[in-house]
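Residue-level structural notes
The lines below spell out each chain.
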Amino acid sequence: MAKGAMGVEFWIGLMVCSALAVMQVNAAGSGFPVPSYYVFGDAYFDAGNNNFIRNAVPKANYKPYGMTFFKGVPTGRFCNGRIFADLLAAVMKLPLAPPSLSTTLTLDQKGVCVNYASGGAAILRSSSVAYGWKNPPSFDQQVTLFETHANTVIYEYGIDNALLILNDAIYQISFGTIDVLAYFTQPHQIESIQIFLESLATEYRRLVDRLYTINARKVVVFGVGPIQNSPVAKLMMSKMTPAESKKFCKDVDTAVQQLNQKLRLMVTEFNNDNAVGQPHGSLQLVFADVYGAVSAITKKPGAYGLTDVTNACCGAGKFGAEIPCGHRNSKVCKNVSKSLYWNDMQFTEAANQILFKLFFDGSSFVKPLSVKSLAKLLIPGVPY
Ligand SMILES: *[C@@H]1O[C@H](CO)[C@@H](O)[C@H](O)[C@H]1NC(C)=O
């Protein structure tokens, strides 16, 4: 795969050249001072970690996952093609980040980019467990894995070179869907939704702070999407009484919007605290409003080149969600590039491309900067 070649070239560069030369090499490649990226999250961002976890995790390691971009090879991505991180990597001219749990790879082979996301993962481990997935690493556990990697980078390449990589890297985070779904579908929390959402926000904030102490500076926080629109939620609601269904839809939607509001507030507060010398000096967060973007696409699919925003492209039965993607008798829709949903919950590559354009180029769905502007930021104090 291309990732090997690129990674090795970069590392050889790093070892023999001065830091200045490295940055020039990198800028000449993509025009962005982004030497690396790290990915944390759930099934929207998993690039194959769950292939390395034996039980009690959702899997995407069978056909037709991967049918579009990866020449039919199911990589473990919950998608027909590429996820957001892959599209960013293409623009940054960086390799596809390998799953962190592909532990047979040495640091050199892993290159600088690593993906920690795991389908079924949640902000709180108890949410995953309640939802039936005992083993996906939680947000906290993913950060711990990254901490080990960051220490290895520092040990292998020295603190100055390591800071070049860690400070200017882009960190992508997507959590919350499983927490909200678990709260409403697998009652395990005795606390009110308000207290539950506050505990999610508190944990999220703690972990962004922890990433900062491991030298993360350029961070994209992806909000939670409109879960009630997903084929899996529509299938659940079709089995309820009209009154129950209406209540479920409203409860989930309200919770998602409130959680997003808390994440937005966190982004603003960290950003207000980021002058050099302040507790979060040089930390720049961006909020990617997945809820707003997906809602806009769902309202006017034609404006985004889509025709089906209701059914899983891969699957069968009601909403394409009764028979899961890849199981016996599941089918793939006629034109996958016209669908929003690939399976009963995650998006097609076509949809990921639309989201990428909105968040990377800039739109009303990304605040306070586009991902492109974030990528261009030079972190003060990094020795170029
Ligand atoms: C599928 O849709 C895309 C995007 O509109 C179009 O370019 C392509 O030709 C279509 N493919 C088929 C097989 O209809």
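From a predicted model like this one, the values you see are computed outputs, not experimental measurements. (Residues numbered from 1 in each chain as written. Predicted model: local features only at pLDDT ≥ 70, side-chain atom pairs only at ≥ 80, totals over all residues.)

1. Let's talk about the site of the ligand
The criterion, for reference: In this analysis a residue is considered near a molecule or strand if the C-beta atom, reconstructed from its backbone, is found within 6 Å of that molecule or strand. Classes in brief: Ala, Val, Leu, Ile, Met, Phe, Trp, Tyr, Cys and Pro nonpolar; Asp, Glu, Lys and Arg charged; the others, Gly included, polar.
Lining the immediate environment of the ligand, one finds Gly305, Asn335, Ser337 and Lys338. Residues of the shell around the ligand, tallied by class, amount to no nonpolar, 3 polar and 1 charged.

2. A word on the pairing of strand S5 (residues 284-288)
Which entries qualify depends on this criterion: Residues with at least 20 neighbouring C-beta atoms inside 10 Å of their own are called buried, those with 12 or fewer are called exposed, and the rest are partly exposed, where every C-beta is derived from the backbone. A run of DSSP states H or I qualifies as a helix once it reaches four residues; a run of E qualifies as a strand once it reaches two. Both are numbered from the N-terminal end. Two strands qualify as a pair provided that DSSP identifies no fewer than 2 bridges between them.
Judged by how many residues are buried, S5 sits mostly within the fold: 4 of 5 residues are covered. The pairing of strand S4 (residues 218-222) with S5 spans 5 bridges and is parallel. Its bridge partner lying in S5, Lys218 is registered against Gln284. Bridge count between S5 and strand S10 (residues 366-367): 2 bridges; the pairing is antiparallel. The residue of S10 that forms the bridge with Ala288 is Val366.

3. A few points about the sheet that holds S5
The 6 strands are arranged S2-S1-S3-S4-S5-S10 in an open sheet whose pairing can be described as mixed. Among the strands making up the open sheet, the edge pair consists of strand S2 (114-115) and S10. The pairing of strand S1 (residues 37-41) with S2 spans 2 bridges and is classified as parallel. In the sheet register, Val39 faces S2, and the bridge partner there is Asn115.

4. Remarks on helix H13 (residues 349-361)
Which entries qualify depends on this criterion: A helix's residues, less one, multiplied by 1.5 Å, set its expected span. Residues are defined as contacting one another if the C-beta atoms placed from their backbone atoms lie within 7 Å.
Given a rise of 1.5 Å per residue, 13 residues ought to cover 18 Å, and the 17 Å separating the end C-alpha atoms of H13 matches this to within 8%. Burial within H13 is extensive, with 10 of its 13 residues counted as buried. When we look at burial in H13, the residues that qualify are Glu349, Ala350, Ala351, Asn352, Ile354, Leu355, Phe356, Leu358, Phe359 and Phe360. Along its buried surface, H13 packs onto helix H3 (84-92), S5, helix H12 (290-299), strand S9 (339-341), S10 and helix H14 (371-376).

5. Digging into the nonpolar core
Rule in force here: Defined on buried residues, the nonpolar core groups Ala, Val, Leu, Ile, Met, Phe, Trp, Tyr and Cys residues joined through C-beta atoms within 7 Å.
Judged by nonpolar contacts, the single largest core of 118 residues is most densely connected at Tyr37, Ala85, Val220, Val221 and Ala288. Once you skip the residues sitting within four places of it in the chain, Val220 turns out to touch Ile170, Tyr171, Gln172, Ile173, Val286, Ala288, Val371 and Leu374.

6. Points about unusual backbone geometry
In the segment running from Lys63 into Pro64, the intervening peptide bond is cis, with an omega of 5°. Checked against the element boundaries, Pro64 lands in the loop between S1 and H3. Along the chain, Lys367 connects to Pro368 via a cis peptide bond; the corresponding omega equals -10°. Of note, Pro368 is situated in the loop between S10 and H14. A positive phi angle is found at Ala56, which is not glycine, with a value near 55°. Within the fold, Ala56 resides in the loop between S1 and H3.

7. Overview of the packing of helix H6 (residues 139-157) against helix H7 (residues 159-168)
The test is simple: Note on geometry: axes are C-alpha line fits, over the in-contact stretch for helices, and angles between N-to-C directions span 0 to 180 degrees. Geometric relationships in this document are graded by angle, where less than 35 degrees denotes roughly parallel, more than 145 denotes roughly antiparallel, 65 to 115 denotes roughly perpendicular, and other angles denote oblique. Crossings are classed by handedness, with left-handed meaning an anticlockwise turn of the near helix from the far one by less than a right angle and right-handed meaning a clockwise turn.
One can describe the packing of H6 onto H7 by two numbers: an axis separation of 7 Å at closest approach and a directional angle of 140°. Taken together, the axis directions place H6 and H7 in an arrangement best described as oblique. Where H6 crosses over H7, the handedness of that crossing is right-handed. Two secondary-structure elements touch here, H6 through Ala150, Val153, Ile154 and Tyr157 and H7 through Ile159, Asn161, Ala162, Ile165 and Leu166.

8. Examining the environment of Ile193
Mapped onto the secondary structure, Ile193 falls in helix H9 (residues 193-213). Overall, Ile193 belongs to the partly exposed group, with 16 C-beta atoms counted inside 10 Å. Considered as a pair, Ile193 and Ala255 are 62 residues apart in the sequence and their alpha carbons are 7.4 Å apart. Look past the residues within four positions of Ile193 in its chain and what remains in contact with it is Tyr183 and Ala255.

Interpretation note: all reported values are geometric properties and have no functional meaning in isolation.
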